[in-house]
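A structural walkthrough
In case you want the letters, here they are:
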Amino acid sequence: ANTRKHSVGIPPPSEKDWLKEDEENFFLLDPDRMRDVLPQPFRMINKLVMQVFESAMEIIERREMLQEAQKLKVQPKRCFPTAEFQVTERANCLAVSGKYVFVGLSVGLVAFNTCDFKDVCAWDAAKTEICAIHTSDLGNECHVLLAVDEMGLAWLFCFHKGSFLLIKILNEVKDIRQRNTCVEMVLSLGGDYAGILLQGNTKAWLEIYQLPKDSWLTEMEKITGAAEELACNARGSSCSSEVGTFLLQELPVSAIQADVDLDPPVLLLTVRPPKPITGTSFKGPLDALKEVDDGSMLGLGYNHLIKDSQWELQEAIFCSTYQEYLEAEGVIKEEIPRYATFHFLLPSRILVGPEMKVQPDIPAGIGVHWDGNHNFCFYLLNHSLKQETDSDLKPDVVWPCAAPIACSAVSSCSRYLALAGEDATITIWDKHLGYPLSVTAILEERFIRSIHFL
């Protein structure tokens, strides 16, 4: 066995391992500070150059990340125009119906044919600026147009085979001081009904018209036949071929424009905004129940037994309880609304009774909601004009909402109705069955201005 005679010790360092005087503190030096030994102003210039370089690298990296993210997105297809229409005046609006494009100009109307991209006819008799156009195809090369000019007048036209025919100005009055402005217009699909929203100095109301399109089409066929007969007579006359050709082209249009006498639209409904709810005028519950037409329908809340003194007491209690909040936000008095959104609705179980005879493609009613109001009201279009003009038309069906309705939309099939409240809640209703399908709440502090079905 081997045994150690001496204890193990650390050997002494050799002279070659000794540190030099300039290397004794090497572990305390910062490599990034090696440049600090540069004299001024080179040290400052070096720092500025490095800052610029680092900023440039950050910008480059950020742009590269954005480019990579953009490549992952689906690129939209770019569409370029295939043709253009030349107009002599400023174009304000346009609408498409059939093979025609109708453009509202700073002076009048013009129609273009989408087949050859040429103007067919222009109307500038009134020298008025057209600001909005709605149009619908009636069939047999006949189209109905509803236009609003800069003065708020609603012009109803019929366009037939290359000529504009003015039927009526819906809100025309003799005294210009009593004129009411048209702020909204809607044409039903198929051109059976038209609606305009009128505003006066202190009030607003909705007028719904029935368009006698069947009589218009019949009259147009008669006039077209008479024009063709005139052209045939001109062709068989003893005139020269050039004159005959001119009469063949010009006589039908002039005959239509000169002899046309179309039936005016019929005013069906006058819908006025709901009045603020005030104290009751009933003496007892029986008087209130007599005013209810059908116990199965919700009303607008006018048939109640709350007195004016109770309203005043409730308002005083509310104001005293939330006085500091009311002073901060300001008190807003309830006013009669002056704007409404309305839609023409096809027949459904909500609008049509079991004994009513309707056609599936013709509107059976309208849906209306006024600004700041909780109720969405349905009105049938088969009302007879027995009520006085100043009387308030009662809705046939009322759908109350938890919050004031901000906007609404109807699907293309007219079955689904979307209501967006001021509390940023969207409710989808099945109008055929009469119950909500879904309720969606948007993020807080959001106000929905418009909704659409895709």
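Not measured: the values here are computed from a predicted model.

Calculation rules
- Residues numbered from 1 in each chain as written.
- Predicted model: local features only at pLDDT ≥ 70, side-chain atom pairs only at ≥ 80, totals over all residues.
- Heavy atoms only, no water.
- Pairing = 2+ DSSP bridges.
- Helix = DSSP H or I, 4+ residues; strand = E, 2+ residues; numbered from the N terminus.
- Axes fitted to C-alpha atoms, helices over the stretch in contact; angles between N-to-C directions.
- Phe/Tyr/Trp six-rings, centres within 6.5 Å; stacked < 30°, edge-to-face > 60°.
- Buried < 20%, exposed > 50% of the residue type's maximum accessible area, 1.4 Å probe, protein only.
- Contact = heavy atoms within 4.5 Å.
- Patch = residues over 30% accessible without salt bridge, like charges linked within 9 Å, V, L, I, M, F, W, Y side chains within 5 Å.
- Areas by Shrake-Rupley, 256 points an atom, 1.4 Å probe, with all protein chains shown as cover.
- Salt bridge = Lys/Arg side-chain N within 4 Å of Asp/Glu carboxyl O.
- Core = buried A, V, L, I, M, F, W, Y, C linked by side-chain atoms within 4.5 Å.
- pLDDT = per-residue confidence, 0-100.

All right, on to the sheet that holds strand E15 (residues 375-380) then. An order of E13-E14-E15-E16 is seen for the four strands of this open sheet, with the pairing classed as antiparallel. At either end of the open sheet lies a strand with only one pairing partner, and these are strand E13 (340-345) and strand E16 (397-400). Put simply, the sheet's adjacent strands are angled 20° from each other on average, direction ignored. Here six bridges tie E13 to strand E14 (residues 365-370), and the two strands are oriented antiparallel to one another. What sits directly across from His343, in E14, is Gly367.

As enumerated under the stated definition, the model contains 15 aromatic pairs in all. Ring centres of Phe85 and Phe117 lie 6.0 Å apart, and the angle between their planes is 55°; on these two criteria the pair is classed as tilted. Of the two residues, Phe85 sits in the loop between helix H1 (42-72) and strand E1 (91-97) while Phe117 sits in the loop between strand E3 (109-113) and strand E4 (118-123), which places them 32 residues apart along the sequence. Counting every residue linked through ring pairs, the aromatic cluster contains Tyr100, Phe102, Trp123, Trp155, Phe157, Phe159 and Phe164.

For strand E17 (residues 405-410), a buried count of five out of six residues is recorded, marking the element as mostly surrounded by other parts of the structure. Bridge count for E17 against strand E18 (residues 416-421) is five bridges, and the pairing is antiparallel. Residue pairing across strands places Cys407 opposite Ala420, the latter belonging to E18. Here E17 folds back onto E18 in antiparallel fashion, the turn holding five residues, of which Ser414 has a positive phi close to 65°.

Along the chain, Asn180 falls in the loop between strand E8 (164-169) and strand E9 (181-187). Assessed through its relative accessible area of 19%, Asn180 is described here as buried. Residues within four places of Asn180 in sequence aside, it is in contact with Gly152, Asn171, Leu198, Gln199, Gly200 and Trp205.

On to a nonpolar patch on the surface. The grouping of Phe42, Met44, Ile45, Leu48 and Val49 at the surface amounts to a nonpolar patch, some 500 Å² of accessible area in total. Considering the arrangement of structural elements, one finds Ile45 in helix H1.

Further remarks concern unusual backbone geometry. Although it is not a glycine, Glu141 adopts a positive phi angle of roughly 60°. Residue position: Glu141 is located in the loop between strand E5 (130-139) and strand E6 (142-149). Look at Lys161: it is not a glycine, yet its phi comes out positive at around 50°. Looking at where Lys161 falls in the secondary structure, it is placed in the loop between strand E7 (154-160) and E8.

Core analysis: the biggest nonpolar cluster contains 24 residues, and Leu146, Leu156, Ile196 and Trp216 have the highest contact counts within it. Of all elements in the fold, only E6, E7, E8, E9, strand E10 (193-199), strand E11 (204-210) and helix H2 (213-235) reach the threshold of two or more residues within this core. The leading source of residues in this core is E6, at four residues. Residue contacts for Ile196: discarding those within four places in its chain leaves Leu146, Ala154, Leu170, Cys182, Glu184, Met185, Trp205, Leu206, Glu207, Tyr209 and Phe342. One finds Tyr193, Ile208, Trp370 and Leu381 within the second-largest nonpolar core, a separate group that totals 19 residues.

Moving on, we get to the pattern of salt bridges. The full count for this structure, using the stated rule, is four salt bridges. Two residues, Lys213 and Asp192, come together in a salt bridge whose shortest N-O distance is 3.5 Å. Linking Lys213 in helix H2 with Asp192 in the loop between E9 and E10, this pair joins segments that are 21 residues apart in sequence. In this pair, the class of Lys213 matches that of Asp192, namely buried. Between Arg415 and Asp430 there is a salt bridge, and its shortest N-O distance comes to 3.0 Å. Remark: Asp430 occurs in strand E19 (residues 425-430) and Arg415 occurs in the loop between E17 and E18; sequence separation between them is 15 residues. What makes Asp430 buried here is its relative accessible area of 3%.

Turning to the confidence of the model for the protein, a few remarks are in order. Overall, the prediction assigns the protein a mean pLDDT of 80, with 77% of residues at 70 or greater. When pLDDT is averaged over each element of the protein, E10 comes out on top at 94 and helix H3 (residues 241-259) at the bottom at 43.

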